[in-house]
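The primary structure of each chain is shown beneath.
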Amino acid sequence: DAGVIQSPRHEVTEMGQEVTLRCKPISGHNSLFWYRQTMMRGLELLIYFNNNVPIDDSGMPEDRFSAKMPNASFSTLKIQPSEPRDSAVYFCASTLEGSGGELFFGEGSRLTVL
Amino acid sequence: GEDVEQSLFLSVREGDSSVINCTYTDSSSTYLYWYKQEPGAGLQLLTYIFSNMDMKQDQRLTVLLNKKDKHLSLRIADTQTGDSAIYFCAVYSSASKIIFGSGTRLSIRP
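These notes cover the structure that comes with them. (Residues numbered from 1 in each chain as written. Chains lettered and ligands numbered in written order. Predicted model: local features only at pLDDT ≥ 70, side-chain atom pairs only at ≥ 80, totals over all residues. Heavy atoms only, no water.)

## Quick word on the overall build of chain A
Next up, step 1: A tally of helices and strands in chain A yields zero helices and 11 strands.
Next up, step 2: If you list the helices and strands of chain A from N to C, you get β-β-β-β-β-β-β-β-β-β-β.
Next up, step 3: Whereas a compact globule of 114 residues would reach a radius of gyration of roughly 13 Å, chain A reaches 13 Å, a difference of no more than 12%.
Next up, step 4: Considering chain A as a whole, with its 114 residues, one finds that 49% of them fall into the buried category.
Next up, step 5: A fraction of 54% describes how many contacts in chain A between residues 6 or more apart in sequence connect residues 24 or more apart.
Next up, step 6: Entry remark: accessible area of chain A is about 5600 Å², with carbon and sulfur atoms responsible for 50%. (Helix = DSSP H or I, 4+ residues; strand = E, 2+ residues; numbered from the N terminus. Rg over C-alpha atoms; globule rule 2.2 N^0.38 Å. Buried < 20%, exposed > 50% of the residue type's maximum accessible area, 1.4 Å probe, protein only. Contact = heavy atoms within 4.5 Å. Areas by Shrake-Rupley, 256 points an atom, 1.4 Å probe, with all protein chains shown as cover.)

## Topic: the overall build of chain B
Next up, step 1: Helix and strand counts for chain B come out as zero helices and 11 strands.
Next up, step 2: Over its C-alpha trace chain B gives a radius of gyration of 13 Å, about what one expects of a compact globule, namely 13 Å for 110 residues.
Next up, step 3: Its C-alpha atoms give chain B principal-axis dimensions of roughly 40 × 30 × 20 Å.
Next up, step 4: Looking at chain B as a whole, 44% of its 110 residues qualify as buried.
Next up, step 5: A sequence separation of at least 24 residues applies to 55% of the contacts in chain B between residues at least 6 apart.
Next up, step 6: Put simply, chain B shows about 5400 Å² of open surface, and 48% of that area lies on carbon and sulfur atoms.
Next up, step 7: Mean positive and mean negative side-chain charge positions of chain B (11 and 12 charges, respectively) differ by 1 Å. (Lys, Arg positive; Asp, Glu negative; His and termini not counted. Charge placed at Lys NZ, Arg CZ, Asp CG, Glu CD.)

## Comments concerning the pattern of salt bridges
Residues and elements named next belong to chain A.
Next up, step 1: All chains considered together, the criterion is met by 12 salt bridges over all chains.
Next up, step 2: A salt bridge links E83 to R85, with the nearest nitrogen and oxygen atoms 2.6 Å apart.
Next up, step 3: Owing to a relative accessible area of 54%, R85 belongs among the exposed residues under this scheme. (Salt bridge = Lys/Arg side-chain N within 4 Å of Asp/Glu carboxyl O.)

## Considering the interface of chain A and chain B
Next up, step 1: Residue-level contacts link 21 residues of chain A with 19 residues of chain B.
Next up, step 2: Between chain A and chain B lies a buried interface of about 1500 Å² when both sides are counted; carbon and sulfur atoms form 54% of it.
Next up, step 3: Taken together, the connections running from chain A to chain B amount to zero salt bridges.
Next up, step 4: The set of elements that each furnish at least two residues to the side of chain A that touches chain B consists of β4 (31–38) and β5 (42–50) of chain A.
Next up, step 5: Take the side of chain A that touches chain B: its biggest share by element is four residues, from β5(A).
Next up, step 6: Across the side of chain A that touches chain B, the residue classes tally to nine nonpolar, six polar and six charged. (Buried area = accessible area lost by both parts, 1.4 Å probe. Nonpolar A, V, L, I, M, F, W, Y, C, P; charged D, E, K, R; others polar.)

## Quick notes on the environment of D57(A)
Residue and element names in this part refer to chain A.
Next up, step 1: In this structure, D57 sits in the loop between β6 (53–56) and β7 (65–71).
Next up, step 2: Placed 29 residues apart in sequence, D57 and D86 show a C-alpha to C-alpha distance of 17 Å.
Next up, step 3: Excluding anything up to four places from it in sequence, D57 contacts L46 and I47.

## Brief notes about the pairing of strand β11 (residues 104–109) of chain B
Residues and elements named next belong to chain B.
Next up, step 1: Burial of the side chains of β11 is restricted to one face: T104, L106 and I108 are buried, whereas none of R105, S107 and R109 on the reverse face is.
Next up, step 2: In the sheet, strand β9 (residues 85–92) pairs with β11 via three bridges, with the strands oriented antiparallel. If you follow Y87 over to β11, its bridge partner there is T104. (Pairing = 2+ DSSP bridges.)

## Description of the state of the cysteines
Residues and elements named next belong to chain B.
Next up, step 1: According to the stated counting rule, one finds two disulfides over all chains in the structure shown.
Next up, step 2: Through a disulfide, C22 is tied to C89; the S-S separation comes to 2.0 Å. The sign of the S-S torsion, about -65 degrees, decides the handedness of the disulfide formed by C22 and C89: left-handed. Of this pair, C22 sits in strand β3 (residues 18–24) while C89 sits in strand β9, and the two are 67 residues apart along the sequence. (Disulfide = S-S within 2.5 Å.)

Any functional reading would require information beyond the geometric quantities listed.
Put into structure tokens, the structure is as follows:
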């Protein structure tokens, strides 16, 4: 299996622009998580989906952030408009719920907002 | 809500043992994990322990769980330069999600 695939790996954009991060979970996994990692705040859970349905989005910082999972093999995290404080590494992870909870992480998308 | 706490930094001498500590608040956690993150990479599961165990050993790694105190630790014996990484404690919470600590950055001194 190819693992969790995220794109882009790196994105540099200007403040105010829309940013879309993409994730392809491992085939057969039914739970998907979006995390954000910064030096200041560590690893924060933003949102997670179970069977394509958002279960908990309490970690989404504000309305500028939105996430979708239109099908079992694809999810997006969108930031509109982006701000410099959104600069971070965004990780997607997937798991098969009930399997003991091992999360498989993608390599992350490093976002820099100038 | 659920919380997982760990210290941010640990520095040890090569060859010594490293002990990384973690405390958590959700007493109903069924699985507890240690993940490792190497530079520029995602997190990878290092080891885990069920809540009905108090110790698990896997080669150089020893996990200790004190459920009464909600304390989890990871001991790495004979620490090597390749062990330099960020180590995350995580718990599977009653809300069916995995909560991570902020990570402990382990650095190795020669």
